[in-house]
Amino acid sequence: ATLNGANSEWIARVSHTATQSLTNNTSTKAVLSTASSTPSIETYDPNGWFNNANDSIDIGQDGFYCVTANAAFAANATGRREVAIVVNGTTRGSVNVSAASAGTTNLSVTTNLYLVSGDQVTISLVQTSGGALNTANVAGVYPALSVGRIGA
C-alpha cells in the first residue's frame, strides 16, 4: 500500500457518543451521528459516505472492505449482548456473548466483505437483560462503525 495511494480515500469511521436505549431482546439499529471530513482519532469520512438519515456508511466504491463494528453496553450482568454488521438489511458478521459480570460489556466484530457502490452498512445491537438497557459511552468503543477498502 502506498500512502495517499489509490485506496487511501476509500475509508470511513463514524460514531455516536451519546447513549441509546435498547429494548430487551429486540434488534435495534445503532444511532450514528459523528463523522469528520478530516481524520481524527475518533472519526474520518473524507468522501462523505456517512448517511446521517439512515445511520449508515453508504459505500462509494466497489471492492473488498474490512468492516468493523464496536459497541459498549451499560453495566448489567444479566443475559447476552450482540453486535452485528448489517449490509442492506442482512447480517454479514456478528458477535454474541454473555454480559460481563461487572462493568460494561464491550464488543467488537470485524469481517472482510465484497461491497458495491450504494451498499448501506449499519450496526445492529441486541441485549437480553430483561428490561431496557443503554449503550455506554466508552472511549474508543462507543457505537462506532468503520470500513476500509482493502482491494478490488
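Use the structure listed above.
Predicted model, so just to flag it, every value in this text is computed and none were measured.

Quick notes on the rules
- Residues numbered from 1 in each chain as written.
- Predicted model: local features only at pLDDT ≥ 70, side-chain atom pairs only at ≥ 80, totals over all residues.
- Heavy atoms only, no water.
- Helix = DSSP H or I, 4+ residues; strand = E, 2+ residues; numbered from the N terminus.
- Contact = heavy atoms within 4.5 Å.
- Areas by Shrake-Rupley, 256 points an atom, 1.4 Å probe, with all protein chains shown as cover.
- Buried < 20%, exposed > 50% of the residue type's maximum accessible area, 1.4 Å probe, protein only.
- Lys, Arg positive; Asp, Glu negative; His and termini not counted.
- Salt bridge = Lys/Arg side-chain N within 4 Å of Asp/Glu carboxyl O.
- Polar contact = N/O pair within 3.5 Å; in protein donor to acceptor, adjacent residues only side chain to side chain.
- Pairing = 2+ DSSP bridges.
- Axes fitted to C-alpha atoms, helices over the stretch in contact; angles between N-to-C directions.

A. The overall build of the chain, seen in detail. What the chain contains, in helices and strands, is zero helices and twelve strands. When the elements of the chain are put in sequence order from the N terminus, they spell out β-β-β-β-β-β-β-β-β-β-β-β. For the chain, the spread of C-alpha atoms along the three principal axes comes to 45 × 30 × 30 Å. Counting only contacts in the chain whose residues sit at least 6 apart along the sequence, the fraction spanning at least 24 positions is 75%. As presented, the chain carries roughly 6900 Å² of accessible surface, and 48% of it is formed by carbon and sulfur atoms.

B. Main features of the side chain of Asp45. Relative to the assigned elements, Asp45 resides in the loop between strand E3 (28-29) and strand E4 (50-51). At 12 Å, Arg13 is the nearest oppositely charged side chain to Asp45, a buried residue that forms no salt bridge. For Asp45, the side chain forms a polar contact with the main-chain nitrogen of Phe50, separated by 3.0 Å. Setting aside its immediate chain neighbours within four residues, Asp45 contacts Ala12, Ala35, Ser36, Ser37 and Phe50.

C. Structural view of the environment of Ser101. Relative to the assigned elements, Ser101 resides in the loop between strand E8 (90-98) and strand E9 (105-115). C-alpha of Ser101 to C-alpha of Val31: the two residues are 70 residues apart in sequence and 26 Å apart in space.

D. Highlighting the sheet that holds strand E1 (residues 11-15). As summarised here, the arrangement of the four strands in space is E1-E12-E6-E9, forming an open sheet in which the pairing is antiparallel. Of all the strands in the sheet, just E1 and E9 have a single pairing partner and so form its edges. When the angles between neighbouring strand axes are averaged without regard to direction, this sheet yields 15 degrees. Across eleven bridges, strand E6 (residues 63-73) lies against E9 in antiparallel orientation. Considered in E9, the bridge of Ala71 is made with Leu107.

E. Seen up close, the pairing of E6. Across the eleven residues that make up E6, a large majority, nine, are buried. With seven bridges connecting them, E6 and strand E12 (residues 144-151) associate as antiparallel partners. Bridged to Phe64 within E12 is Gly151.

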